[in-house]
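One letter stands for each residue in the lines below.
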Amino acid sequence: MFELENALDEYMSYLRIEQGSSPRTAEAYRRDLEEYLAFLDKRGVDAPGDVKRDDVVDFEHHLAEAGLATTTVRRRISAVRGYHRFLVREGLTSENPAEAVDIPKAADRLPDVLSIEEVGRMLDTYIDERPSGLRDRALLEVLYGCGLRASEICGLNLDNLYLDDGFLRVFGKGAKERIVPIAGAADRALRRYLNEGRPALARAAGATGDSASAVFLNQRGGRLGRQSIFNLVRKAGAAINRYDLHPHTLRHSFATHMLKGGADLRVLQEILGHADMSTLQVYTHLDRTHLHEEYAHAHPRDKM
């Protein structure tokens, strides 16, 4: 087990330094793989070259029997595969016993989304003229209007804003940079917050250091945190009877509404910061009425 544990530490360094994984992602991989190594230890497997395909298959069965969701099992087996690829890459073993292990198929579950009407009603509940109210309205408008993740909103700095040019510079997973357009209601709400709301929040607590560069500030003048954003979105959802609303639901809604409005998939891929086009397949769940309307409008034989 000494070899496997040492290799795990090296793998974590590889993920962070060479792959650019965030600390949060690397830590999630570590937890998954520590469970895997504990499973191998109980079987008396203590070296990379001793791991067999049956060990990986039995670990997958062990996870399933524990009642874990399919998505969780998929993630952990994917982590195991990546770890064994690394062991081969580093010459610690010549074979990847996880390569031929089937990953359970993901359920065809569509993401939860708000309707366009629900988004409108939710945003219309935020007409609070206080500095914090202007901030909350701007934050919700940008979450939905730009399709950002909560972590991306947290990390947004003043020098990332190019509002006169109509875009934001966003740093997503793995600190990957991308350009995201901003216009319309999101642009107006953000400008008003920056002009009327943020200065008051900054003055109230004398924001300095990291806080001085943050776009969204809390009541104490510090950078607004993820939990505060989750709480704000949950409160906004409750106002329209959508309880436990999550920031990612607004991102899903943005993507869905963009596609319904005719956005190109590749453009949407760039805006959302997805490395793989296949990730966007989950957003193509346009309703059948919309599809039939498009078909009737476009197909020449349908008009005959």
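Structural data are supplied above this passage.
Since we're looking at a predicted model, the values are computed, not measured.

(A) View of unusual backbone geometry. Of note, the phi angle at Asn 241 is positive, near 65°, even though the residue is not glycine. Looking at the secondary structure, you find Asn 241 in the loop between α10 (226-238) and α11 (247-260). You will see that Asp 244, though not glycine, has its phi angle at about 60°, which is positive. With relative accessibility at 63%, the residue Asp 244 sits in the exposed group.

(B) Main features of helix α4 (residues 70-89). With 20 residues, α4 should reach 28 Å at 1.5 Å per residue; the first-to-last C-alpha distance of 28 Å fits that figure. Listing the buried residues of α4 in full gives Thr 72, Val 73, Arg 76, Ile 77, Ala 79, Val 80, Arg 81, Gly 82, Tyr 83, His 84, Phe 86 and Leu 87. Just beyond α4, the residue with positive phi is Gly 91, at close to 75°.

(C) Examining the pattern of salt bridges more closely. Counted under the stated rule, the structure contains 21 salt bridges. Between Arg 89 and Glu 18 there is a salt bridge, with the nearest N and O atoms lying 3.1 Å from each other. Of this pair, Arg 89 sits in helix α4 while Glu 18 sits in helix α1 (residues 2-18), placing them 71 residues apart in sequence. Between Glu 117 and Arg 121 there is a salt bridge, with the nearest N and O atoms lying 2.6 Å from each other. Here Arg 121 and Glu 117 lie together in helix α5 (residues 116-124), a separation of 4 residues that amounts to about one turn. A relative accessible area of 47% means that Glu 117 is categorised as partly exposed. Since its relative accessible area comes to 36%, Arg 121 is described here as partly exposed. Bridged by salt links that share partners, the residues Asp 32, Glu 35, Arg 75 and Arg 76 form one connected network.

(D) Spatial organisation of α5. Residues Glu 118, Val 119, Met 122 and Leu 123 constitute the buried set of α5. End-on, the buried residues of α5 take up no more than an arc of 130°, which puts them together on one face. Across from the buried face of α5, at angles greater than 90 degrees, the exposed residues are Ile 116 and Asp 124. Check the buried side of α5 and you find it contacts α6 (131-146), α10 and α11.

(E) Just the packing of α11 against helix α12 (residues 265-272), in detail. Following both chains from N to C, one finds α11 and α12 inclined at 160°, their axes separated by 10 Å at the closest point. Judged by the inter-axis angle, α11 sits roughly antiparallel to α12. By crossing handedness, the relation of α11 to α12 is classed as right-handed. Seen from α11, the contacting residues are Arg 251, Phe 254, Ala 255, Met 258 and Leu 259; seen from α12, they are Leu 265, Leu 268, Ile 271 and Leu 272.

(F) Quick peek at the pairing of strand β3 (residues 177-181). Burial along β3 is one-sided: Arg 178 and Val 180 are buried, and none of Glu 177, Ile 179 and Pro 181, which face the opposite way, are. When strand β2 (residues 167-171) meets β3, the two strands line up antiparallel, connected through 5 bridges. Residue pairing for β3: Phe 171 is matched across the bridge by Glu 177. Linking two consecutive strands that pair antiparallel, namely β2 and β3, is a turn of 5 residues; a positive phi of about 70° is found at Gly 174 within it.

(G) Quick peek at the sheet that holds β3. Ordered in space as β1-β2-β3, the 3 strands form an open sheet in which the pairing is antiparallel. The open sheet has two edge strands, β1 (161-162) and β3, and neither has a second partner.

(H) Spatial organisation of the packing of aromatic side chains. In the structure shown here, the tally under the stated rule is 8 aromatic pairs. Look at Tyr 11 and Phe 86: their rings are 5.2 Å apart centre to centre, the planes differ by 45°, and that puts the pair in the tilted class. A residue pair is termed long-range when its members are at least 10 positions apart, and Tyr 11 in helix α1 and Phe 86 in helix α4 qualify at 75 residues. Each of the two residues, Tyr 11 as well as Phe 86, counts as buried. Here a set of aromatic residues connected by ring pairs shows up, and it is made of Tyr 11, Tyr 14, Tyr 83 and Phe 86.

Calculation rules
Residues numbered from 1 in each chain as written. Predicted model: local features only at pLDDT ≥ 70, side-chain atom pairs only at ≥ 80, totals over all residues. Heavy atoms only, no water. Helix = DSSP H or I, 4+ residues; strand = E, 2+ residues; numbered from the N terminus. Buried < 20%, exposed > 50% of the residue type's maximum accessible area, 1.4 Å probe, protein only. Expected span 1.5 Å × (residues − 1). Salt bridge = Lys/Arg side-chain N within 4 Å of Asp/Glu carboxyl O. Arc of directions from axis to C-beta. Contact = heavy atoms within 4.5 Å. Axes fitted to C-alpha atoms, helices over the stretch in contact; angles between N-to-C directions. Parallel < 35°, antiparallel > 145°, perpendicular 65-115°, else oblique. Left-handed = near helix turned anticlockwise from the far one by under 90°. Pairing = 2+ DSSP bridges. Phe/Tyr/Trp six-rings, centres within 6.5 Å; stacked < 30°, edge-to-face > 60°.

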